[in-house]
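What follows is the residue order along each chain.
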Amino acid sequence: MIKFKHLKKSFGKKEVLIDISGEIKKNEVVVIIGPSGSGKSTLLRCLNLLEVPTSGEIIFEQTVLTQLTENKVNKLREKMGMVFQSFNLFPNLSVIENLKIAPIKVVGLDEKEAQKQAEKLLEQVGLSDKEHSFPASLSGGQQQRVAIARALAMNPKVMLFDEPTSALDPEMVGEVLKVIQDLTETGMTMVIVTHEMGFAKEVADRVIFMDAGYIVEEGTPEQLFECPQHQRTKNFLAKVL
Amino acid sequence: MMKKRILAIIFTIFLTSIFSTSLPVLAADESVENIKSKGTLVVGTSADFPPYEFHATIDGKDNIVGMDISIAEKIAEDLGVELEVQDIGFDSLLPALEVGKVDIIVAGMSATNERRESVDFSDVYYIGGQNIVVRPSDNEIYTSKGDLNAKKIGVQTGSIQESLAKDQMPESSIMSLSKITDLILALKTNKIEAIIMEKPSAMAYVANDKDLATFDGGFILEEDEQGAAVAVKKGSSNLVEAINQSISTINENNLTEDYLKEAGQLLKESQGPQEQTKTMFNYWNYFAKGTGYTILISVVSVFFGSILGIILSLMRMSERKIVRIPAIAYVEFVRGTPMMIQIMFIYFAVGYLINIPALASGIIAVSLNSGAYICEIIRSGLNSVDKGQTEAARSLGMSKQTAMRYIIFPQALKNIWPALGNEFITVIKESSIVSIIGVSDLIFQTKIVTSLSYRGIAPLAVTMVIYFMLTFSLTKLLNYYERKMNHDQI
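Draft legend 1. Molecular detail of the sheet that holds strand β12 (residues 213-216) of chain B. All names here are of chain B. On the basis of which strands lie adjacent, the open sheet formed by five strands has the order β10-β9-β11-β8-β12 and mixed pairing. At either margin of the open sheet sits one strand with a lone partner, and together these are β10 (173-177) and β12. Strand-to-strand twist of the sheet, defined as the mean angle between neighbouring strand axes without regard to direction, takes the value 30 degrees. Pairing analysis gives four bridges linking strand β8 (residues 130-134) to strand β11 (residues 194-198), with the strands arranged antiparallel. Each bridged residue has a counterpart across the sheet, and for Gln-130 the counterpart in β11 is Glu-198. On the sheet, helix α6 (residues 160-168) packs against β8, β9 (152-156), β10 and β11 and is oriented at approximately 125 degrees with respect to β11. Strand contacts of helix α8 (residues 199-208): β8, β11 and β12, with the helix running at about 120 degrees to β11, the strand carrying the most contacts.

Draft legend 2. Spatial organisation of the interface of chain B and chain A. Taken together, the contact pairs 22 residues of chain B with 26 residues of chain A. Summed over both partners, the interface of chain B with chain A buries about 2000 Å², with 61% contributed by carbon and sulfur atoms. Scanning the region where chain B abuts chain A turns up two salt bridges. One salt bridge in this structure joins Glu391(B) and Arg45(A), with 2.5 Å as the shortest N-O distance. Of all the elements in the fold, those that place two or more residues in the side of chain B that touches chain A are α17 (387-395) and α18 (400-430) of chain B. Top element by residues in the side of chain B that touches chain A is α17(B). It accounts for seven residues.

Draft legend 3. View of the pairing of β11(B). All names here are of chain B. Of all the five residues making up β11, five are buried; the element is thus mostly covered by neighbouring parts of the structure. Where β9 and β11 come together, two bridges link them in parallel fashion. Considered in β11, the bridge of Gly-154 is made with Ile-195.

Draft legend 4. Representation of the sheet that holds strand β13 (residues 227-233) of chain B within the structure. Residue and element names in this part refer to chain B. Sheet architecture is open: five strands sit in the order β5-β1-β6-β13-β7, paired in mixed fashion. Strand pairing shows two members of the sheet lacking a second neighbour, β5 (82-87) and β7 (119-127), which therefore form its edges. As defined by bridge partners, strand β1 (residues 40-45) adjoins β5 across six bridges and the pair is classed as parallel. Each residue of the ladder has a partner; that of Leu-41, found in β5, is Leu-83.

Draft legend 5. Spotlight on the confidence of the model for chain B. Residue and element names in this part refer to chain B. Residues with a pLDDT of 70 or more make up 91% of chain B, whose mean pLDDT is 85. Note on residues 20-27: pLDDT is under 50 here. Beyond four places in sequence and across chains, it has three contacts. Confidence estimates for the predicted assembly give a pTM of 0.70 and an ipTM of 0.90.

Draft legend 6. Structural context of the domain arrangement of chain B. All names here are of chain B. For chain B, the assigned domains are domain 1 (31-127 + 227-271), domain 2 (130-223) and domain 3 (281-489). Between the C-alpha centres of domain 2 and domain 3 there is a distance of 40 Å. Each side of the interface is counted separately: domain 2 has nine residues, and domain 3 has seven residues. Summed over both sides, the interface of domain 2 with domain 3 buries roughly 650 Å², with 73% coming from carbon and sulfur. Area buried by domain 2 at its contact with domain 3 is led by Lys-179, Thr-181 and Leu-185, which between them contribute 54% of it. The tally of links between domain 2 and domain 3 comes to zero salt bridges.

Draft legend 7. Representation of the pattern of salt bridges in the model. Taken as a whole and assessed by the stated rule, the structure comprises 21 salt bridges over all chains. The residue Lys234(B) makes a salt bridge to Asp120(B) at a minimum N-O spacing of 3.4 Å. Placement of the pair is Lys234(B) in the loop between β13 and α10 (237-252) and Asp120(B) in strand β7, with a sequence separation of 114 residues. Assessed through its relative accessible area of 43%, Lys234(B) is described here as partly exposed. When its relative accessible area of 21% is taken as the criterion, Asp120(B) is described as partly exposed. A salt bridge links Glu193(B) to Arg135(B); the nearest nitrogen and oxygen atoms lie 3.1 Å apart. Linking Glu193(B) in the loop between α7 (180-188) and β11 with Arg135(B) in the loop between β8 and β9, this pair joins segments that are 58 residues apart in sequence. Like Arg135(B), Glu193(B) is buried. Each of Arg45(A), Glu51(A), Lys387(B) and Glu391(B) takes part in salt bridges that share partners, so that together they form one network.

Quick notes on the rules
- Residues numbered from 1 in each chain as written.
- Chains lettered and ligands numbered in written order.
- Predicted model: local features only at pLDDT ≥ 70, side-chain atom pairs only at ≥ 80, totals over all residues.
- Heavy atoms only, no water.
- Pairing = 2+ DSSP bridges.
- Helix = DSSP H or I, 4+ residues; strand = E, 2+ residues; numbered from the N terminus.
- Axes fitted to C-alpha atoms, helices over the stretch in contact; angles between N-to-C directions.
- Contact = heavy atoms within 4.5 Å.
- Buried area = accessible area lost by both parts, 1.4 Å probe.
- Salt bridge = Lys/Arg side-chain N within 4 Å of Asp/Glu carboxyl O.
- Buried < 20%, exposed > 50% of the residue type's maximum accessible area, 1.4 Å probe, protein only.
- pLDDT = per-residue confidence, 0-100.
- Domains from an automatic or database assignment.

Have a look at this one:
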């Protein structure tokens, strides 16, 4: 579904991604792990062109993203939902408006349809009672669940999660992971950057280990966690497990 | 106050140098034909100079009257056109004439050599003299200009008295204000010891105010400094001829005496004994009119200033240099030059090419000025919104414009609301500068009330209260909306 070839990304002189290639298949759940600064978030953000790669190609359903005009990129982003570490809910809008604004302003849904869909999604993430609250009055876990529902409101084909639980208090991690896990059961294609190794083992079809701008190795959770091939992977796993 | 005069001179030189080089004197002098085809003679004057010209309430209506106005009426009548009088500050009169805002100046102006360099003059229509006005308690101490050596003297900015004081009383320090009424206030409050004034004016003020006394100044006067003459645009010899004919009729029939008598009568009627018992409430219609104009100017300017500010701020944040640079240059330039000059520039310089009325010039200038400040406020507001908000909006497929309009801008607006409110209040107060081009805003009307009531402090107090009521109610209104926007912060 998504292919990326020889991706390079540098910020000034600092090279964050050095020659990354790979593929995300339909209905696949891919988890990217690795130490801080390894480039995993940057890779994720390159997939929907929030960061424009310095060189290389990204192909999404036969379309080469890196050659598109601005308008077409907007159109393609609709199909890729993104969930951020810091939630990034719109603080000036109520929960339900957060879910409705993009379907109405971007897709052109009418108010009634958008409302119906938003209510359904809130129910799915277990926050029907918070419809008219404002983001600032919600806990971190609740905010992140709203953010997931907001991304789903655009009916994406892929969901990208950028460390969705890193900014949460420990007792709230569970409720967010539960929502993501429920999502895997619908067959949604997902790319998840996370530090939750237990969770990675549980939901991933495939795990990618990145370090210093390279993909060091990848495989099923069993392969990668039980018998890692590279020394760097072993060192990393020894620290986090 | 010295500064103001220097600015006016620089400005005049600037204007004449630009336009005199680009527009050589036209061969045919059509000054008279132009006025006749317009059907109106526009006269510029500074109506705080009784008995030459002053405001008086006749049948409940405000009018500009006086000897000069009677003479202007006579000139207009002889030309067979209507008379229109424009009240402008004395030091703005010459630039107004040069750029064609007015056709002639009749303002008790003496034809000095200095002024002859930029305008032409008719024959002298009245010879007065120069008096000194003092407080009655000092009448014994000061009896000639020699007694005022090394004292503080008041004169009208840009007037003949100013140069007289400089030349013949070099030891004295000079305070120059643009309105005579302000000078009188300064005298009464002991800020200055004496005012040098045209004899008829001095007589008129003293006759109407028991707190003033006057005597002949004993100045040595040049021939050309003695009399009042009508000023016209350079090169309008036909017009000068027509005016001279009217003046000679006036002189032959001794009409000036009648005019002066009539002016004195009007002065007495509108400012006679019963006037002393009047309160500021009697002038409410002046204050109301001024407040109306001030509100109009502020509201319209803030509206257009905001639109301009939004456009400029978006330009400033553009990735393209060619869009960004002009916006930056505009903001820096407008912020780096005084609003007073901007207003005069729009009115006089731009007005030279297209005739913009004073009110519109004022609104345009204040809008253009405010736009630059609002641009910076909006820019800081947009920058204050977390980058994650843009990313979240873009990741939902929103275009830059949609994200800006529905997500970023509303949040920025909330952040900058107090700063915007501040700017709006500033506009209400700063817009008072438009009074220098004769827009009848609150400050302008206050000066009229001052000259009508012969009282200095009361009108100022009323105006201060009105300004405060305006700004305070605006603050309350802004606070209300600020609270409404804050609902998302629990």
